[in-house]
4 protein chains.
Amino acid sequence: MSGSSLGKNIKITTFGESHGPALGVVIDGFPAGMELQVEDIQKFLDRRKPGQSSITTQRKEADEVQILSGIFEGKTTGTPIMLVVNNTSQRSSDYSEIASYYRPGHADYTFDSKYRFRDYRGGGRSSGRETIGRVAAGSLCSKLLSQMGISVCAYTKSIGNIEIDYNKFDASNILKTQTAMPDADADALAVEYVNKCRMDQDSVGGVIEVVIKGVPAGIGDPVFDKLDACLAKAIMSIGAVKAVEIGDGIKVSIATGSQNNDAFEMVDNKLTKKTNHAGGILGGMSDGSDIILRAYIKPTPSISKDQQTVNKAGENITINIKGRHDPIIVPRAVVVVESMCAFTLLDAMISNMSARADRIIDFYK
Amino acid sequence: MSGSSLGKNIKITTFGESHGPALGVVIDGFPAGMELQVEDIQKFLDRRKPGQSSITTQRKEADEVQILSGIFEGKTTGTPIMLVVNNTSQRSSDYSEIASYYRPGHADYTFDSKYRFRDYRGGGRSSGRETIGRVAAGSLCSKLLSQMGISVCAYTKSIGNIEIDYNKFDASNILKTQTAMPDADADALAVEYVNKCRMDQDSVGGVIEVVIKGVPAGIGDPVFDKLDACLAKAIMSIGAVKAVEIGDGIKVSIATGSQNNDAFEMVDNKLTKKTNHAGGILGGMSDGSDIILRAYIKPTPSISKDQQTVNKAGENITINIKGRHDPIIVPRAVVVVESMCAFTLLDAMISNMSARADRIIDFYK
Amino acid sequence: MSGSSLGKNIKITTFGESHGPALGVVIDGFPAGMELQVEDIQKFLDRRKPGQSSITTQRKEADEVQILSGIFEGKTTGTPIMLVVNNTSQRSSDYSEIASYYRPGHADYTFDSKYRFRDYRGGGRSSGRETIGRVAAGSLCSKLLSQMGISVCAYTKSIGNIEIDYNKFDASNILKTQTAMPDADADALAVEYVNKCRMDQDSVGGVIEVVIKGVPAGIGDPVFDKLDACLAKAIMSIGAVKAVEIGDGIKVSIATGSQNNDAFEMVDNKLTKKTNHAGGILGGMSDGSDIILRAYIKPTPSISKDQQTVNKAGENITINIKGRHDPIIVPRAVVVVESMCAFTLLDAMISNMSARADRIIDFYK
Amino acid sequence: MSGSSLGKNIKITTFGESHGPALGVVIDGFPAGMELQVEDIQKFLDRRKPGQSSITTQRKEADEVQILSGIFEGKTTGTPIMLVVNNTSQRSSDYSEIASYYRPGHADYTFDSKYRFRDYRGGGRSSGRETIGRVAAGSLCSKLLSQMGISVCAYTKSIGNIEIDYNKFDASNILKTQTAMPDADADALAVEYVNKCRMDQDSVGGVIEVVIKGVPAGIGDPVFDKLDACLAKAIMSIGAVKAVEIGDGIKVSIATGSQNNDAFEMVDNKLTKKTNHAGGILGGMSDGSDIILRAYIKPTPSISKDQQTVNKAGENITINIKGRHDPIIVPRAVVVVESMCAFTLLDAMISNMSARADRIIDFYK
């Protein structure tokens, strides 16, 4: 069954395999009249492109996006926007061997179980390259959100046990550090840690945090399309994410109500919250505070250490995976998480436009 | 915009407010021919009914379910199944005061922000009573899954800092203990802890764990309708859940690849995994191992301690919330989480039936 | 698979069988703040209620609607609105015989083919009583549309070969005549014709026409959710409808372009069309003219004439169907067609609110 | 709002404008393992390609399809199939004039009303070229259906007043005649008629009929996703279709029940119907007979005769449209209608796989 579309008002549909001719996305329902240059999209794609950091894969991929539809005279037209990236650097011969066995931590076995066979080249559909379509879509959503004064900012919060220090938070570092950490000192430690693991033929995980500022209260549609529920799906659908939390997240389980509740108070005639344990979402709707969430990313499953597994003939074998793999995907995944948040939020904001009868009547006056 | 429906093949739509005439669910697309007695549903509802445990609310609600459609001669007919529970014990006068202010940790403010006004009686639509519909639907899904040898088992893993000891795990305790913990010793400690917090006019959170056994490999539809993504949405959509994790969850962020990867091996001519850090899901599809996930539940926001908040006139005020509130909702939420998992899994299993062309052809032979 | 929900922003889900405990609808996503009395809904339901006309069934059914959720203090709350009609007049014993065979023109055989068994009492789910939910939902949509100056008006255009004369069109007749024809003379002839057929133990079909006035241009979402496409689905989904046409409909096939094209012209500084062959829809979007469409309704399949058919034992048999059946369903179906149009249009108008980026930005200013 | 996706199990999303870089479709959820060559698709596309018939446009467009994803080693993989056709023959300069006014019968005005501006080149998104994506998708669906013994056959039933004679029906003519009529004599008359209209600078409409053979009983999901309702939407969504009918269609309105009901009878131990007024669909589900439906196509709105219209400055003007336009689109639309039927049917057949609990249980044994 179809599973590559997401969204209610704006619907994104990604397509493409790691080593097929191309990957991309169709963005259907994006509103008309927003100015858009190819650079707006490319800027986002470049953040996930390999070869941008010393601690990610040194593969070179141009990942140049082309706009095939939906833009006319520099503006979105309201019709489906088709964005495509041709695969150029793929060497399929690299992957002839892995066709025959199931890599631990990868989707090889589950794809084969489901479909009876798979495009094994570079992970095929389960490759991280699928996120190209997500990021391309996210770039448009972020642009429109920014025109409403809303910023979606994702960064690396931790790698292994190395966490950023919020006292050293400098947003300008996010795009500058090797790790996408906003704290340059933590970045240095993390790079060291990743390099050590890489020497050990191993890989590393981490945590990505997102802060969304400027969201009006009331966004999200209870009871199933709550904003947090939609965000959880959007983020958990990214390969390698194994946990999602909103606000205090897992810590709420050990808090008491008096600790966890955020008191409301009027400040300058504006309703605010004294604290933000809720992470900006109450009852599945934005509460006007910053929306804060975290994605927990597993270590890259492709490691060159020896691993035990099974081949398609049903034999126990030992493998070690060659190739130019990322020892950590967190830095490149930051923009993917950011994109999924931007898309999910914009879609929910559009849904919210019809929440009240008077506003529909006003709209058509 | 509509947000009270979930599911692709089977679609559940819940309705009802805490103090309206009734609550319930329409289950559309449930397959025909399954034997169903009202007791099958009531048994599930009784697990979330108030007054079953010394540490939950002592309100008495009958929560008796009626079947209004979709069942004939003791079997599902394939047409929409309408299940309704009449509200009987509601005393609306209790709630006249809270109409005027926004309770911290509740959805009062966000509902008002979105819709301009709200049914304030007992939380209205954002009440935990909404989950009646979820549990009623879950009971049917669990029954059909069990006929395929699949069990979905949820229980309380921890309350505050008190965790179960897996060495003392006894599944029969789940329905017997006050906390829905499978470990009777942990239960005793947890009851003591909850009672202490209640004395302090405070409330408590906890963690619910789910283990799903017997799921064939390949269930889930990449890239957005991955099984873990759909589970994350389904569970995060339950009020009070602030984090969801699959398998090792948040711990993957501090693991290395060699620690986190699960080696495959053949055992008795069957492909298995030596470990299950992945929690039974790889690449968004079930891998044949147990599916393991956790929901982190916040402490009940209704506490009788003094709290600061804001009223609708925009004044800072101090409140304390009266009423028979749960000092913890975890024990009653266990069956809700279980139900959402059962529903999500069954829906995904149906989606999977059309994954391969040869199976469609076979089906119609 | 689920098939009893319709709509994108507002989602209606009908439930119920002819002789089950109740029938109704959940309306999810209806905007908050519209005043609604139970009479608003009952007024619509009374138009489809049996026993209102000499030429329809003389069965008495109260069809009294109850509101179980979604309304508070006389206004919609934005949460799911649950409307239910209890079945009161059903005599299941009437139907014991038809359980054993397949009535020609009915869904008995197709229901059995699909689900292996069926609720055979009074047609079960395929009964015309299912439209109670549609009409209940339509009443709310019509009310909101009317607040935007939009009227949806359906009436009987023809019964058998007897057509209304537009020179005698008097809208006030629609609710007064036995046939729901706006032309009292045609009504008289049609009543005579229906009674003659009834004497012959036969039944009659007809055509329902809908005129929607006041719709702004641009409503509808190409290319699949065009307004005409959505209307076609909504109307064809009504039992007994076998054809749907927009504007000149079937006649366009014998016209030439110069005959069929509607010239635009400015009248009083307003863009208008000189003619309306298009029926108010161009390229799948409303063009500002009246939207005009027609539904072709088959004669009631339940007739008391002898008919040949097959029983469940696979034997050829002769039957004649007893019971108080409508010799024509057209008059009662008028409000059903009107309701489906009102719902479809309102849903499309909400979709249209996000067509332009500048309007989204304005909305959130 | 998004409107360019259709389908529940298989979801097609078309994209592209007449004069943009490319047009195409993403087919998501198509089952894995079906053999597919690019020729399978091209064969379908060639049937709608311009320049194939003396009575359609003489523009030359290669319309060569490329597969960008979802196929591996000659088989579908279960992942999204991306099919694209590059636009090669577009001369945008042809269209500079029409940017300034609204062509009668076209979507220029409605697109501008909705989105405030449009890609005016060649109709942009509302061009018939959009159907390239539909036909490409249809080719895959037809192929899979044929492997289940199901044939979907569309042809021209009439052009203007010239109808085929069923006694002269020769299916092999459908692909051979200029009109796609199966009756060579009618074809000759129709060609003459079209040419006469073209000489008059006018255009012509017609009727396309579809016969689907081999469909098992029970396909379709009441009450909104009935097979006829879904077919009606799919076909009405094709530009230029103004009416859809099933079986006897509009004629049912003048029939009596005894004429219109199809008697069931056992023939060779198989339940059949003596007649097929219902067009193979009862209660919204296939009844095992041939499914028969018709689409009524309006004359091409682009004619070179003088026409009155309005320009964007709000002035009444007279235009005549230059260019190589089809005097009739019916012959080229035949494969579009066929494709939409094949897609809709296959999607409904997949939905039907989960209608019965026992079959789900069997599937997973």
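See the structure above.
The structure reproduced in this document is the subject of the present report. Computed from a predicted model, the values in this text were never measured in an experiment.

Looking at the overall build of chain A
In step 1: For chain A, the count of helices and strands is 8 helices and 18 strands.
In step 2: Since a compact globule built from 365 residues should have a radius of gyration of about 21 Å, the 21 Å found for chain A is in line with a globular shape.
In step 3: Its C-alpha atoms give chain A principal-axis dimensions of roughly 65 × 50 × 35 Å.
In step 4: Across the 365 residues that make up chain A, the buried fraction comes to 67%.
In step 5: Contacts in chain A between residues far apart in sequence, at least 24 positions, make up 69% of those at least 6 positions apart.

Quick notes on the relation of the copies chain B and chain A
Mapping between the two copies of the chain is achieved by a rotation about an axis and a shift along the axis.
In step 1: Between the two copies, chain B and chain A, the superposition gives an RMSD of 0.0 Å; the rotation angle is 180° and the shift along the axis is 0.0 Å. The transformation relating the two chain copies, once decomposed into turn and shift, fits a two-fold axis. Residue Lys 233 of chain B, judged by its C-alpha, is the member of chain B lying nearest the rotation axis, at 2.4 Å.
In step 2: When you check the interface residues of chain B against chain A, 100% turn up at the interface there too, and the contact is symmetric in its surfaces.

Observations concerning the sheet that holds strand 8 (residues 151-159) of chain A
In step 1: Reading across the sheet, the 10 strands line up as 9(A)-8(A)-10(A)-16(A)-11(A)-11(B)-16(B)-10(B)-8(B)-9(B) and stay open at both edges, with antiparallel pairing between neighbours. Each edge of the open sheet is held by one strand with a lone partner, namely strand 9 (162-163) of chain A together with strand 9 (162-163) of chain B.
In step 2: Two strands pair when backbone bridges link them, and strand 11 (residues 241-246) of chain B and strand 16 (residues 291-297) of chain B are joined in this way by 5 bridges, in the antiparallel orientation. Bridge pairing in strand 16 of chain B links Val 241 of chain B to Ile 297 of chain B.

Section: the interface of chain B and chain A
In step 1: Contact residues are listed per partner, giving 97 residues for chain B and 97 residues for chain A.
In step 2: Broken down by class, the residue content of the side of chain B that touches chain A amounts to 39 nonpolar, 38 polar and 20 charged.
In step 3: Pairing of strand 11 (residues 241-246) of chain A with strand 11 of chain B involves 3 bridges; the strand directions are antiparallel. Its bridge partner lying in strand 11 of chain B, Ala 243 of chain A is registered against Glu 245 of chain B.

Observations concerning the sheet that holds strand 4 (residues 65-69) of chain C
Residue and element names in this part refer to chain C.
In step 1: Pairing is antiparallel in the open sheet, where 5 strands are placed in the order 1-2-3-7-4. Either end of the sheet is taken by a strand with one partner, and the two such strands are strand 1 (5-6) and strand 4.
In step 2: Of the strands in this sheet, strand 4 and strand 7 (81-86) touch helix 1 (residues 38-48), which is tilted by about 135° from strand 4.

With respect to the interface of chain D and chain B
In step 1: Counting from both sides, the interface comprises 23 residues of chain D and, opposite them, 23 residues of chain B.
In step 2: With 5 residues, the top contributor of residues to the side of chain D that touches chain B is helix 8 (residues 357-363) of chain D.
In step 3: Looking at side-chain class alone, the side of chain D that touches chain B contains 15 nonpolar, 6 polar and 2 charged residues.

Things to note about the relation of the copies chain D and chain B
In step 1: Taken as rigid bodies, chain D and chain B are interconverted by a rotation of 180° and an axial shift of 0.0 Å, the fit giving an RMSD of 0.0 Å.
In step 2: Looking at the interface residues of chain D, 100% of them are also at the interface in chain B, so both copies use one shared face.

Topic: the packing of helix 1 (residues 38-48) of chain A against helix 7 (residues 330-352) of chain A
Angle between the axes and distance between the axes: these two values describe a pair of packed helices.
All names here are of chain A.
In step 1: At a closest axis distance of 6 Å, the pairing of helix 1 and helix 7 adopts a crossing angle of 135°. The angle between helix 1 and helix 7 places the two elements in the oblique class. Residues Phe 44, Arg 47 and Arg 48 of helix 1 touch helix 7, and the partners they reach there are Arg 332, Val 335, Val 336 and Ser 339.

Describing the nonpolar core
In step 1: Counting 455 residues, the largest nonpolar core has Val 337 of chain A, Val 337 of chain B, Val 337 of chain C together with Val 337 of chain D as its most contacted members.
In step 2: In contact with Val 337 of chain A, not counting residues within four places along its chain, are Ala 154, Ile 208, Val 210, Ile 235, Ile 238 and Ala 295 of chain A.

A closer look at helix 4 (residues 184-199) of chain B
All names here are of chain B.
In step 1: For helix 4, with 16 residues, the first-to-last C-alpha span of 23 Å sits near the 22 Å given by 1.5 Å per residue.
In step 2: Among the residues making up helix 4, those that are buried are Ala 186, Asp 187, Ala 190, Val 191, Val 194 and Cys 197. The arc that holds every buried residue of helix 4, seen down its axis, measures 135°, which confines them to one face. Looking at helix 4, the residues exposed on the side facing more than 90 degrees away from the buried face are Glu 192 and Met 199.

Concerning unusual backbone geometry
In step 1: In this model, Pro 222 of chain A is joined to Val 223 of chain A through a cis peptide bond whose omega is 5°.
In step 2: Considering the arrangement of structural elements, one finds Val 223 of chain A in the loop between strand 10 (206-213) and helix 5 (227-236).
In step 3: Unlike most non-glycine residues, Gln 201 of chain D shows phi in positive territory, near 60°.
In step 4: When you line up the elements, Gln 201 of chain D lands in the loop between helix 4 (184-199) and strand 10 (206-213).

Concerning the environment of Lys 49 of chain A
Residues and elements named next belong to chain A.
In step 1: Tracing the backbone shows Lys 49 in the loop between helix 1 and strand 4 (65-69).
In step 2: You can call Lys 49 buried: it has 22 C-beta atoms within 10 Å.
In step 3: C-alpha of Lys 49 to C-alpha of Glu 64: the two residues are 15 residues apart in sequence and 9.7 Å apart in space.
In step 4: With sequence-adjacent residues up to four places away left out, Lys 49 is seen in contact with Glu 61 and Asp 63.

Some thoughts on the pairing of strand 12 (residues 264-267) of chain C
Residue and element names in this part refer to chain C.
In step 1: Of the pairings in the sheet, the one linking strand 12 to strand 13 (residues 270-273) comprises 4 bridges and is antiparallel in character. Within the sheet, the bridge partner assigned to Val 267 lies in strand 13 and is Lys 270.
In step 2: Hairpin connection of strand 12 to strand 13: 2 residues between the antiparallel strands, including Asp 268 at a positive phi of 50°.

Cut-offs applied
- Residues numbered from 1 in each chain as written.
- Chains lettered and ligands numbered in written order.
- Predicted model: local features only at pLDDT ≥ 70, side-chain atom pairs only at ≥ 80, totals over all residues.
- Helix = DSSP H or I, 4+ residues; strand = E, 2+ residues; numbered from the N terminus.
- Rg over C-alpha atoms; globule rule 2.2 N^0.38 Å.
- Buried ≥ 20, exposed ≤ 12 C-beta atoms within 10 Å, placed from the backbone.
- Contact = placed C-beta atoms within 7 Å.
- Least-squares fit on C-alpha atoms with pLDDT ≥ 70 in both.
- Pairing = 2+ DSSP bridges.
- Nonpolar A, V, L, I, M, F, W, Y, C, P; charged D, E, K, R; others polar.
- Axes fitted to C-alpha atoms, helices over the stretch in contact; angles between N-to-C directions.
- Parallel < 35°, antiparallel > 145°, perpendicular 65-115°, else oblique.
- Core = buried A, V, L, I, M, F, W, Y, C linked by C-beta atoms within 7 Å.
- Expected span 1.5 Å × (residues − 1).
- Arc of directions from axis to C-beta.

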